[in-house]
Amino acid sequence: MRVDTPTNRVERTVTDESGSITVRVITYEFSPPPASRSIPQLARFCVVGASGYAINLAVFRGADALMPYVPAFAIAFAVSAASNFMWNRTWTFAGADGRPHHQLARFLTVSLAALATDLAILSGLVELAGAGKLIAAAIAIALVTPLSFLGNKHWSFGRA
């Protein structure tokens, strides 16, 4: 088993309010596992995105049989966004600073902007261009992915 060397050591002293207890706290930051370092971040984002893409289209196909396509797409998007957040936080942007709930809030903001753009493209392709719903959904997702990557890289998981 290989053990990585810490990349950063942070030491601080914490004292309680009464001043009776002082504790020295030492934390270490580790770089992502070697396999992650060898795969470029954009490639990792695309792998996570591809899994989210497959999840999105599968859920959309199932939900579309039960309801109108716009809410079906929104549900599919929410399911894939949950998966994407988990994998992007733990693998794609593993070395990013930030509290999980702040990252999640920013991730959801980026995701909602992506969803709005996705829905505009989807609706335009279906209603105006007469494209099939599944093909239109696939095109919409592919067109919005680069913007989503940039938003997540620089804001959701960007260094504080």
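Before any of the text, the structure's been laid out above.
Residues numbered from 1 in each chain as written. Predicted model: local features only at pLDDT ≥ 70, side-chain atom pairs only at ≥ 80, totals over all residues. Heavy atoms only, no water.

In the structure shown here, the tally under the stated rule is two salt bridges. Across the pair glutamate 11 and arginine 24 runs a salt bridge whose closest N-O atoms are separated by 3.5 Å. Here glutamate 11, found in strand β1 (residues 6-15), pairs with arginine 24, found in strand β2 (residues 22-30); they are 13 residues apart in sequence, far enough to count as distant. For arginine 24, a relative accessible area of 57% puts it in the exposed group. (Salt bridge = Lys/Arg side-chain N within 4 Å of Asp/Glu carboxyl O. Helix = DSSP H or I, 4+ residues; strand = E, 2+ residues; numbered from the N terminus. Buried < 20%, exposed > 50% of the residue type's maximum accessible area, 1.4 Å probe, protein only.)

Under the counting rule described, the total for this entry stands at nine aromatic pairs. Between phenylalanine 45 and phenylalanine 93, the aromatic rings sit 6.2 Å apart at their centres with planes inclined by 55 degrees, giving tilted as the arrangement. Here the residue phenylalanine 45 occupies a position in helix α2 (residues 41-64), and phenylalanine 93 occupies one in the loop between α3 (69-92) and α4 (100-128), the gap between them amounting to 48 residues. Judged by relative accessible area, which is 4%, phenylalanine 93 ranks as buried. Each residue in the set Phe45, Phe85, Phe93, Phe107, Phe149 and Phe157 is aromatic and connected to the rest through ring pairs, giving one cluster. (Phe/Tyr/Trp six-rings, centres within 6.5 Å; stacked < 30°, edge-to-face > 60°.)

What follows concerns the layout of surface pockets. By volume, the largest pocket amounts to about 330 Å³. Those elements giving two or more residues to the lining of the largest pocket turn out to be α2, α3, α4 and α5 (133-156). With seven residues, the top contributor of residues to the lining of the largest pocket is α2. A class-by-class count of the residues in the lining of the largest pocket yields eleven nonpolar, ten polar and one charged. (1 Å grid on protein atoms, 1.4 Å probe; cavity = no way out; pocket = protein on both sides within 12 Å on 5 of 7 lines; lining within 4 Å. Points joined across faces, edges and corners; volume = space filled by probe spheres on them. Nonpolar A, V, L, I, M, F, W, Y, C, P; charged D, E, K, R; others polar.)

Ranked by size, the top nonpolar core spans 19 residues in total, and within it Phe60, Phe73, Leu122 and Ala137 carry the most contacts. Every element with two or more residues in this core is listed here: α2, α3, α4 and α5. Residues Phe45, Phe85, Phe149 and Phe157 belong to the second largest nonpolar core, which totals seven residues. (Core = buried A, V, L, I, M, F, W, Y, C linked by side-chain atoms within 4.5 Å.)

Turning our eyes to something else, we now look at α5. Here α5 spans only 30 Å end to end across 24 residues, well under the 34 Å set by a 1.5 Å rise per residue. Along its length, α5 shows its largest kink, about 40 degrees, at threonine 145, and proline proline 146 lies within four residues downstream of that point. If you check which residues of α5 are buried, you get Ala136, Ala137, Ala138, Ala140, Ile141, Val144, Ser148, Phe149, Gly151, Asn152 and Ser156. Those residues of α5 that are buried are in contact with α2, α3 and α4. (Expected span 1.5 Å × (residues − 1). Bend = angle between axes of the 7 residues up to and from the residue. Contact = heavy atoms within 4.5 Å.)

By themselves, these are just geometric observations and shouldn't be taken as functional.
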